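# Commentary on secondary and tertiary structure
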Amino acid sequence: MSGTGSLEGQVVVVTGAARGVGELLARKLSARGAILALVGLEPDELKKVSARLHGESDHWHADVTDHEAMSRVARDVKARFGKVDIVVANAGVATGGPLVDSDPVAWRRVIEVNLIGGAVTARAFLPVLMESRGYFLQIASLAAMTPAPMMSAYCASKSGVEAFAHSLRAEVGYKGVKVGVGYLSWTDTDMVRGADEDDVMRDLRKRLPWPTNRTYPLGPAVDRIVAGIERRSAHVYAQWWLRGMQSVRGYLPTLIGVVGQREMRRFGPRMEGMSKGLVGAGGAADQQERSARTERE
């Protein structure tokens, strides 16, 4: 689709819709006439979000890393609304700190949710997106373009979903499905606020060069994502300057390899005792879900 397409009557699936980018994205899409299918780990929060939307919506409790659960959701959404036009793979978690001291379970979970979860979501919904000649938007990050010390899991996962989406675009484009990648810098969400609760992570981020050291407001970032969805864009930039990062990203690993060592030497004495789990309310919800699943088993 070229130009700007109407979202009126379009059925949009948003994962990670209980809060942050997903919640506000659902509200803004609903205000433009879209029908929303909300997916996430917090059914009570999803129900509240659904109740506040302007138009028709429903919600599903599912772990995006569970292929059987997501396949059921895809079937249920198709049965509920008759079609699926757009899927936004937004669900994500984060952890920070040195790899050598990291919690291996939390580190692995970032990869599972952010990378595998995106692929599971695509696998589950591609059959219905092929029927509608729809659009799949994978939310990535500035972390896909540039590596960063203390964020190895998050950077690896977001680089992975970027490559995954680019590969998928080539696979399904001839079947009428368009695939986009969404890039966000530090945006005012529960995840970023949770990361900033750690003094080392917060102070280290302040030392990043402008404009990467700022926390950006959520509203304008989501407005840009909505505009990208309307255009079925291959690349969606939640902050204006991220587009320019594409032209210099090839130089960044070497630069960060040098500068990062200097910063790690500076912050090394403060790293003992850093938080090692998933950050923010979304991370807490993921931990609660996994604990409940363990108890049931």
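Just above sits the structure.
Below or above, wherever it landed, is the structure these notes cover. (Residues numbered from 1 in each chain as written. Predicted model: local features only at pLDDT ≥ 70, side-chain atom pairs only at ≥ 80, totals over all residues. Heavy atoms only, no water.)

## As for the pattern of salt bridges
Just so we agree on the cut-off: Here, a salt bridge means any Lys or Arg side-chain nitrogen found within 4 Å of an Asp or Glu carboxyl oxygen. Only DSSP runs of H or I reaching four residues or more are called helices, and only runs of E reaching two or more are called strands; each is numbered from the N terminus. Three labels apply to residues, based on accessible area from a 1.4 Å probe with only protein chains included: buried if under 20% of the type maximum, exposed if over 50%, partly exposed otherwise in between.
Counted by the stated rule, this structure contains 23 salt bridges. Residue Glu-230 is joined to Arg-32 by a salt bridge in which the shortest nitrogen-to-oxygen separation is 3.5 Å. One end of the pair, Glu-230, is in helix α8 (residues 218–231); the other, Arg-32, is in the loop between α1 (20–31) and β2 (35–40), and 198 residues separate them in sequence. Here Glu-230 falls in the buried class, since its relative accessible area comes to 17%. Notably, a salt bridge pairs Glu-263 with Arg-266, separated by 3.8 Å at the nearest N-O pair. A residue pair is termed a helical-turn pair when its members lie 3 or 4 positions apart in one helix, as Glu-263 and Arg-266 do in helix α10 (residues 252–267) at 3 residues. Under the relative-accessibility criterion, Arg-266 is labelled partly exposed at 47%. Among the ionic contacts, a cluster of salt bridges with common partners joins Asp-63, Arg-109, Glu-112, Asp-286, Glu-289, Arg-290 and Arg-293.

## Quick notes on unusual backbone geometry
With an omega of 5°, the peptide bond between Trp-210 and Pro-211 qualifies as cis. Tracing the sequence through the fold places Pro-211 in the loop between α7 (199–206) and α8. With a phi close to 55°, Arg-133 is a non-glycine residue in the positive phi region. Note that Arg-133 resides in the loop between α4 (104–132) and β5 (135–139). Residue Arg-133 is classed as exposed on the basis of its relative accessible area of 58%. One non-glycine residue, Met-150, lies in the positive phi region at around 75°. Residue placement: Met-150 occurs in the loop between β5 and α5 (152–172).

## Focus: the side chain of Ser-233
You can see Ser-233 is positioned in the loop between α8 and β7 (235–237). Overall, Ser-233 belongs to the buried group, its relative accessible area being 11%.

## Observations concerning the pairing of β5
The two faces of the sheet receive side chains in turn, since in a regular strand these alternate between them. The following threshold applies: A pair of strands counts as paired when DSSP detects no fewer than two bridges linking them.
β5 sits mainly inside the fold: 5 of its 5 residues count as buried. Side chains of β5 alternate between two faces, with Tyr-135, Leu-137 and Ile-139 and Phe-136 and Gln-138 buried alike. Pairing of strand β4 (residues 86–89) with β5 involves 4 bridges; the strand directions are parallel. Its bridge partner lying in β5, Ile-86 is registered against Tyr-135.

## Some points on the pairing of strand β3 (residues 57–61)
Spelled out, the test is: Orient the strands so they point away from the viewer, and a crossover whose first-strand-to-second-strand path over the helix runs clockwise is right-handed.
Looking at chain direction, β2 and β3 are connected through 5 bridges and run parallel. Bridging across to β3, Gly-40 finds its partner in His-61. Crossover connection from β2 via helix α2 (residues 43–52) to parallel β3: handedness right-handed.

## Brief notes about the sheet that holds strand β6 (residues 178–183)
To be explicit about the condition: Lines fitted to the C-alpha atoms define the axes, with helices restricted to the stretch that makes contact. Angles between their N-to-C directions range from 0 to 180 degrees.
Pairing is parallel in the open sheet, where 7 strands are placed in the order β3-β2-β1-β4-β5-β6-β7. Both outer strands of the open sheet, β3 and β7, are each paired with one neighbouring strand and no more. The average undirected angle you get between the axes of adjacent strands in this sheet is 15°.

## Description of helix α11 (residues 280–296)
This is how the line gets drawn: By definition here, a helix of n residues has an expected span of 1.5 Å times n minus one. The directions considered for the arc run from the helix axis to the C-beta atoms.
Its 17 residues place the ends of α11 25 Å apart at the C-alpha level, agreeing with the 24 Å of an ideal helix rising 1.5 Å per residue. Here α11 has its buried residues at Gly-283, Ala-285, Asp-286, Glu-289 and Arg-290. Angularly, the buried residues of α11 cover 160° about the axis, an arc narrow enough to put them on a single face. What points out from α11, more than 90 degrees from its buried face, is the exposed set Gln-288 and Glu-295.

## Quick notes on α4
The α-helix advances 3.6 residues per turn, and as a result positions three or four apart in sequence lie on the same side. Applicable threshold: Across the chain, bend at a residue is computed as the angle between axes fitted to the seven residues ending at that point and the seven starting from it. Polar contact is defined as a pair of N or O atoms within 3.5 Å, subject to the rule that within protein one atom must be able to donate a hydrogen and the other to accept it, and that residues adjacent in sequence are counted only when both atoms are side-chain atoms.
Compared with an ideal rise of 1.5 Å per residue, which puts 29 residues at 42 Å, α4 spans 40 Å between its outermost C-alpha atoms and is within 8% of the ideal. At Leu-126, α4 shows its largest bend, some 50°, and a proline, Pro-127, comes one to four positions later. Capping the start of α4 is the job of one residue whose side-chain oxygen sits 3.0 Å from the backbone nitrogen of Val-105: Asp-103. Directly after α4, the chain includes Arg-133, whose backbone phi takes a positive value near 55°.

## Description of the packing of aromatic side chains
Our working rule: To pair, rings of Phe, Tyr and Trp, with the six-membered ring standing in for Trp, must have centres within 6.5 Å; the planes then decide the type, stacked if under 30 degrees apart, edge-to-face if over 60, and tilted in the middle.
All told, the structure shown has 3 aromatic pairs when counted by the stated rule. Taking 6.4 Å as the distance between ring centres and 75° as the angle between the ring planes, the aromatic pair formed by Trp-60 and Phe-81 counts as edge-to-face. With Trp-60 in strand β3 and Phe-81 in helix α3 (residues 67–81), this pair connects stretches of sequence that are 21 residues apart. Both residues of the pair, Trp-60 and Phe-81, count as buried. An angle of 15° between the planes, with centres 5.3 Å apart, marks the rings of Tyr-183 and Tyr-237 as stacked.

Spatial relationships are all this shows, so hold off on functional conclusions.
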